[in-house]
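What the coordinates show
The primary structure of each chain is shown beneath.
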Amino acid sequence: MAALRRDDNRVIIHFDYDCFYASVLEAENPALKSLPLAVQQKQIIVTCNYEARRRGLRKLQLIKEAKQICPDVVIILGEDLTKFRDVSKSLYCFLKSFLWTQKAERLGFDEVFLDVTEMIDYNMSLLNRHDLAHSFFCLDKRDPAIGFQFDATSYCGLTYPETIGSPLPRNTAVDGQHNLVQRLILGSHLAHYMRSRLDNEHGYTATVGISTSKLLAKLVGNVNKPNNQTTLVPPYSNSEGMSNVNRFIDDHEIGKIPGIGFKSARKIRTYILHREATFEPYTERNVDDQVKVREVRLTPTMGPPKLLDILGGHGASRDIGFQIWNLLNGVDNSEVLEARIVPTQISIEDSYKGLEQFEDVKKQLNLLAASLIKRVRTDLLDEQDHDTKGNDTPRWTALPRTLRLSTRRRSPKNADGSRDYSYANGRTSRSGPVPKFMFSLAESAEAVAEKLVDDSLVSMFRKLHPDKSFGELSLINVAVTNMVETAGDDKQSSGRDIGKMFKQQGSSIASAVVETNRLDDQVYQDSTSRNAANVTVTTQIDNTEWEESDEEDVPSAQLCDVCGSHIPVFAFGAHALYHAVPD
Ligand code: DCP
Ligand code: MG
């Protein structure tokens, strides 16, 4: 069955900064560069520099294990995400500044997609086809002198597959294929130029992929890590022999395809293997249980209806069969989302071994609310105003309208004392309007937090848990959502007048709503869904196709009953195995 037509008219560049948190720490203290460096959150190494990787360490390893493998590893605590977030923001603004459009999308802290189609189109029109080797890439349409010289006869950096000889055969008519090659050549030189400037001016290296979609650009970048770039070269369609797109995607384990979530991958593996797979994608144990895209794609009867059979059901999108089939065929026409300066929601959470007393809950609510207010101030106050005019008149770039409190109960104990880690039914949340005093800058974050707890959060909590004994809580999340931009000319914008904005919000959110089991719909979590830190800033994006939407109900981190560590859910299987293996 045919997949959707791929739109190969775009050129997309994907940046993934190398060992990001470690690089931020190295930039602060360059002496760390030559040492094996690991960044710790709870009991886990969330990332490590390449010197540490050379010595056998890897991301998401337990601290205990890392110390055994590399006793002289330098470990730095990275639970406060502020500096990582700040660097991420400034690198993103730097990369975006090259673009002629706003099509720059951040994914997490350390990935950025850039749609550079317009710049490529323009520079294609400037090419002198008789002297391609001496071309000039124009970076500013208004000033033809701004740009760089390059050789347009060959790719810059590495390619998949490796190109031997000239990619542009002489005397070939300028057909679609040739055109795509030429456009990607331009894309590869632009990517190289941006990487060099990122390194020279900010000191950060990145791994970069160049292709015609987000999916292909992201995946092909991974081929040569770190500090490198890879272009996926044509042919992209099967009419000219085996397409490099199929050849490339086919070789991936299905769990490695962005957009195929953990649960979907597991269901597909089970279907193909005719048994439950024990393959653990992170550790890549049980290689026998790997299922490659090729195997799925070439299974007779495979196609959107079959995938809908395998993956459909409660909570799944009706289009899931088509969506996954397209991804397996390397088709991803999703747009690079336009730059968003403010997040659509900010949430802070922490997980616990089991909170049972109201007084303990209240204490935690105070801590979480204070972090939330600090975060809201950092993210939503206009930095420039703040800097130039001092602290007197900082202005809000956006104001959230909804306050949300969510809790999760611990799963009940099984007869053998174990707990069910896929348990997701203990989640409830309640939303209400954000009180105006939350934006008061006259008081400390702690003072505002106390008021917020007393005025709003305690009563929200009581409504969520009317019974005096509410069980054992394993997670509390406090969030502000429903952002309205106050600066700029966005449709949502309602000027900078807070009073006016609060009148506009009307009665629609005045009464609180109870939502059960519907946490963070279609939300991409900047960090915590992938880690065990206690602070999360989440940014809502509308591109569900790209999301691993089948994982939304899964808690972000689980408490291990054996060692008390918070383990990301997807790593839990590996973690349990770790305890199972004798010391
Ligand atoms: N991160 C995290 N928890 C995870 C995964 C990552 O907190 N489960 C953080 C630490 C990383 C950053 O996000 O520095 C980016 O994640 P990457 O997976 O891209 O890892 P790195 O950038 O560190 O390494 P690489 O060089 O492999 O891209
Ligand atoms: Mg990275």
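Let us look at the structure shown here. (Residues numbered from 1 in each chain as written. Chains lettered and ligands numbered in written order. Predicted model: local features only at pLDDT ≥ 70, side-chain atom pairs only at ≥ 80, totals over all residues. Heavy atoms only, no water.)

Time to look at the coordination of the magnesium ion (ligand 2). Of the protein atoms, only D16 (OD), Y17 (O) and D110 (OD) coordinate the magnesium ion (ligand 2), at distances of 2.0 to 2.2 Å. Seen from the magnesium ion (ligand 2), its six donor atoms lie at angles of 76 to 175°, and the figure they make is octahedral. In primary-sequence terms, the residues that donate to the magnesium ion (ligand 2) follow D-Y-x92-D. The class for D16 is buried, based on a relative accessible area of 18%. (Donors = N, O, S within 2.8 Å, 3.2 Å for Na, K, Ca; no water. Tetrahedral: all angles 85-135°; square planar, octahedral: opposite > 155°, others 65-115°. Buried < 20%, exposed > 50% of the residue type's maximum accessible area, 1.4 Å probe, protein only.)

Turning to the pairing of strand β6 (residues 104-107), a few remarks are in order. Note on strand geometry: in a regular strand, side chains alternate between the two faces of the sheet. Pairing of β6 with strand β7 (residues 111-115), which is carried by four bridges, proceeds in the antiparallel orientation. Bridge pairing in β7 places R106 opposite V112. Taking the residues that link successive antiparallel strands as the turn, the β6-β7 hairpin has three residues, and the phi of G108 there is positive, at about 65°. (Pairing = 2+ DSSP bridges. Helix = DSSP H or I, 4+ residues; strand = E, 2+ residues; numbered from the N terminus.)

Under the criterion given, the structure shown has 16 aromatic pairs. Look at F98 and Y193: their rings are 6.1 Å apart centre to centre, the planes differ by 90°, and that puts the pair in the edge-to-face class. Remark: Y193 occurs in helix α6 (residues 176-202) and F98 occurs in the loop between α4 (82-96) and β6; sequence separation between them is 95 residues. Each member of the pair, F98 together with Y193, is buried. Each ring, one from F137 and one from F148, has its centre 5.2 Å from the other, and the planes form 5°; the classification is stacked. Placement of F137 in strand β8 (residues 135-138) and of F148 in strand β9 (residues 147-150) is noted, with a sequence separation of eleven residues between them. (Phe/Tyr/Trp six-rings, centres within 6.5 Å; stacked < 30°, edge-to-face > 60°.)

Here we take up the pattern of salt bridges. Taken as a whole and assessed by the stated rule, the structure comprises 24 salt bridges. Salt-bridge contacts for K214 lead to E105; the nearest nitrogen and oxygen are separated by 2.9 Å. Taken together, the residues K214 in helix α7 (residues 214-221) and E105 in strand β6 connect sequence positions 109 residues apart. Using a relative accessible area of 4% as the deciding quantity, one classes E105 as buried. (Salt bridge = Lys/Arg side-chain N within 4 Å of Asp/Glu carboxyl O.)

This next bit is on the packing of α4 against helix α13 (residues 358-380). Close contact between α4 and α13 brings their axes to 12 Å; oriented N to C, the two are set at 15°. By the criterion of interaxial angle, the relationship of α4 to α13 is roughly parallel. The way α4 lies across α13 gives a crossing that is right-handed. Within the contact between the two elements, α4 uses T82, R85, D86 and K89 and α13 uses R375, T378 and D379. Residue classes in the contact of α4 with α13 are distributed as no nonpolar, two polar and five charged. (Axes fitted to C-alpha atoms, helices over the stretch in contact; angles between N-to-C directions. Parallel < 35°, antiparallel > 145°, perpendicular 65-115°, else oblique. Left-handed = near helix turned anticlockwise from the far one by under 90°. Contact = heavy atoms within 4.5 Å. Nonpolar A, V, L, I, M, F, W, Y, C, P; charged D, E, K, R; others polar.)

This brings us to the pairing of strand β2 (residues 37-41). The element β2 is extensively covered by neighbouring structure, given that five of its five residues are classed as buried. Here β2 shows a buried face lined by L37, V39 and Q41 and a second buried face lined by A38 and Q40. Here β2 runs beside strand β5 (residues 74-77); their pairing, made up of four bridges, is parallel. Each bridged residue has a counterpart across the sheet, and for V39 the counterpart in β5 is I76. Here β2 pairs with strand β3 (residues 44-48) via four bridges, running antiparallel. Residue pairing in the sheet places Q40 in a bridge with I45 of β3. Connecting the antiparallel pair β2 and β3 is a turn made up of two residues, with K42 showing a positive phi of about 50°.

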